[in-house]
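An overview of the molecular structure
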Amino acid sequence: MESGMSEPLVWLLLGSKAGDNTQVRALAVELGWPAEEKRLSARSWELLTHLLPGVTLAGIDRSASSPLGAPWPDLVISAGRRNEPVARWIRARSGGHSQLVHIGRPWAHPRHYGLVVTTPQYLLSRQANIQLNRLPLYRLPGEQLRDAVASLQPHLEELPRPFTVLLVGGNSGPYVFTPAKARNLGQRVQQLVAGKGGSLLISNSARTPPAAWRALLAQITAPRFTHDCRDTGAANPYLGFLGIGERFIVTGESVSMLAEAGAMGKPLHIFDMDDHPGPWWRYLHNYRYRPLSHRLAMVLAPRRMRRDVRRIVGALLEARLALWLGQDESASLALEKHSNVELLETAGRVRELLRRRC
């Protein structure tokens, strides 16, 4: 906004997906303007609202969502398909005053948004109103990170340093995390730590199949501290792992874990989740509903429904911001500075968007 003008009124549309909410909040904090969070509860059939003409709130349960009413905001930041119709409804009610910034890939045409903030997996190209970043937006939670490390350290006193952090995802899109892949990952991680020394800090996710998790751990003989997210009685050390790790290994299907580990500015190794050797159709596990439907959607569905995580991995590898598990760490660059630059650039685009409206 121009000097002497009041700060804009900002609304953040938050849904059920933590990764989307993290990006929305990261951008809002970088902008530095007071922001009001609007929590939205989507109905089970909200997908149908994208097929209706015009804009509507029919896809959300208004009684379970934050109230939406005047005074209308100057800026709305949203992410995810479920929040799109709501953002456009707000702009319509504001008489076109509210500027819309959407993170991810909108189902509606990008021309409906003042700015779309996207990453390579959504198959959008850089345009006047499209900010194309290599990774999702992430802001280092400095004080929380320090507190998490302090809480974790007493549990690691008997483990030798340095700490290598292994973040394990699982089934997603075309990827099936089989016990065979898990054994391969475990063997290669064990080999890396045997050469580097120190200990492993390992965490899985809700998507990690139990059989694959067991197969992975069976290959690890190095000193380790392990967290299973299914153990609801244990404190989650994930943030502490990020703050204390000296290098990171992440399964390549998880965009959020890649972004969060990469923001630490330490060597980042990616485990290839593709099937090897040979094409995907040689493997029976790829004929399950989810991987098969994803592959069919990539060919037959409208472009707005397509997503290819391999494009993010490829962009990181090409820029030497990450490396395949097994490559020499000297070939990579730190991601922390790069991640901060993308957040700064995106915030700059948003400020310019509002300046043009003044």
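Going by the structure above, here's the rest.
Residues numbered from 1 in each chain as written. Predicted model: local features only at pLDDT ≥ 70, side-chain atom pairs only at ≥ 80, totals over all residues. Heavy atoms only, no water.

What follows is about the overall build of the protein. The helix and strand tally for the protein stands at ten helices and twelve strands. For a compact globule of 358 residues, the expected C-alpha radius of gyration is about 21 Å, and the protein comes in at 21 Å, within 12% of that figure. Once the C-alpha set of the protein is aligned to its principal axes, its extents read approximately 65 × 45 × 40 Å. Within the protein, residue pairs in contact and separated by at least 24 positions form 65% of the contacts whose partners lie at least 6 positions apart. (Helix = DSSP H or I, 4+ residues; strand = E, 2+ residues; numbered from the N terminus. Rg over C-alpha atoms; globule rule 2.2 N^0.38 Å. Contact = heavy atoms within 4.5 Å.)

The biggest cluster of nonpolar side chains holds 33 residues, and the ones touching the most others in it are L167, L201, L242 and L258. Elements supplying a minimum of two residues to this core: α3 (142–152), β7 (163–167), α6 (238–244), β10 (247–251), α7 (255–262), β11 (268–271) and α9 (310–318). What L201 contacts, discounting residues up to four positions off in sequence, is L156, L159, F163, T164, V165, L166, F225, F241 and I244. Core analysis: the second largest hydrophobic core is formed by 22 residues, V168, A182, V189 and I249 among them. (Core = buried A, V, L, I, M, F, W, Y, C linked by side-chain atoms within 4.5 Å. Buried < 20%, exposed > 50% of the residue type's maximum accessible area, 1.4 Å probe, protein only.)

Attention shifts here to the sheet that holds strand β9 (residues 224–227). The six strands lie next to each other as β9-β8-β7-β10-β11-β12, forming an open sheet whose pairing is parallel. Each edge of the sheet is formed by a strand with only one pairing partner; in this case those strands are β9 and β12 (323–324). Sheet analysis places strand β8 (residues 199–203) next to β9, joined by four bridges and oriented parallel. Counted as the bridge partner of S203 is H227 from β9. α7 contacts β7, β10 and β11 of the sheet and is inclined by roughly 170 degrees relative to β10. (Pairing = 2+ DSSP bridges. Axes fitted to C-alpha atoms, helices over the stretch in contact; angles between N-to-C directions.)

What follows is about α3. Of all the residues in α3, the buried ones are L145, A148, V149 and L152. Buried residues in α3, looked at end-on, bunch into an arc of 100 degrees, giving them a common side. The outward face of α3, more than 90 degrees from its buried face, is lined by the exposed residues E143, R146 and S151. Looking at the packing, one finds that the buried side of α3 touches β9 and α6. (Arc of directions from axis to C-beta.)

Quick look at the pattern of salt bridges now. Evaluation of the coordinates by the stated rule reveals 14 salt bridges. A salt bridge links D228 to R230, with the nearest nitrogen and oxygen atoms 3.5 Å apart. According to the relative accessible area criterion, D228 is partly exposed, its value standing at 23%. Taking relative accessible area as the criterion, R230 reaches 36% and is therefore assigned partly exposed. One salt bridge connects E352 with R355, and the closest N-O pair in it is separated by 3.1 Å. Of this pair, E352 and R355 both sit in helix α10 (residues 336–357), three residues apart, which is roughly one turn of that helix. (Salt bridge = Lys/Arg side-chain N within 4 Å of Asp/Glu carboxyl O.)

Let us now look at the pairing of strand β5 (residues 115–118). Taking every second residue as pointing to the same face, both faces of β5 are buried, with L115 and V117 on one and V116 and T118 on the other. Where strand β4 (residues 99–103) and β5 come together, three bridges link them in parallel fashion. Of the residues in β5, the one forming a bridge with I103 is V117. As defined by bridge partners, β5 adjoins strand β6 (residues 130–132) across three bridges and the pair is classed as parallel. Looking at the pairing, V117 lines up with Q131 of β6.

So, about the side chain of T119. Its place among the elements puts T119 in the loop between β5 and β6. Note on T119: relative accessible area 6%, which makes it buried. A polar side-chain atom of T119 sits 2.6 Å from a polar atom in the side chain of Q121. (Polar contact = N/O pair within 3.5 Å; in protein donor to acceptor, adjacent residues only side chain to side chain.)

Once that is clear, we can look at the packing of helix α4 (residues 179–196) against helix α5 (residues 210–217). A pair of packed helices can be characterised by two numbers: the angle between their axes and the separation between those axes. At a minimum axis separation of 7 Å, α4 and α5 run at an interaxial angle of 30 degrees. One finds that α4 runs roughly parallel with respect to α5. As for how α4 packs across α5, the hand of that crossing is right-handed. Judged by residue contacts, P179, A182, R183, L185 and G186 of α4 engage A211, A212, A215 and L216 from α5. Looking at the contact of α4 with α5 residue by residue, the classes come out as seven nonpolar, one polar and one charged. (Parallel < 35°, antiparallel > 145°, perpendicular 65-115°, else oblique. Left-handed = near helix turned anticlockwise from the far one by under 90°. Nonpolar A, V, L, I, M, F, W, Y, C, P; charged D, E, K, R; others polar.)

Turning next to unusual backbone geometry. Note that the residue after A70, namely P71, is joined by a cis bond; omega there is 5 degrees. Checked against the element boundaries, P71 lands in the loop between β2 (35–39) and β3 (75–79). Omega for the peptide link from R161 to P162 comes to 5 degrees, which places this bond in the cis form. Along the polypeptide, P162 turns up in the loop between α3 and β7. Positive phi is not limited to glycine here, since L123 has a value of about 65 degrees. Locating L123 in the fold gives a position in the loop between β5 and β6. Classification of L123 by relative accessible area gives buried; the value is 14%.

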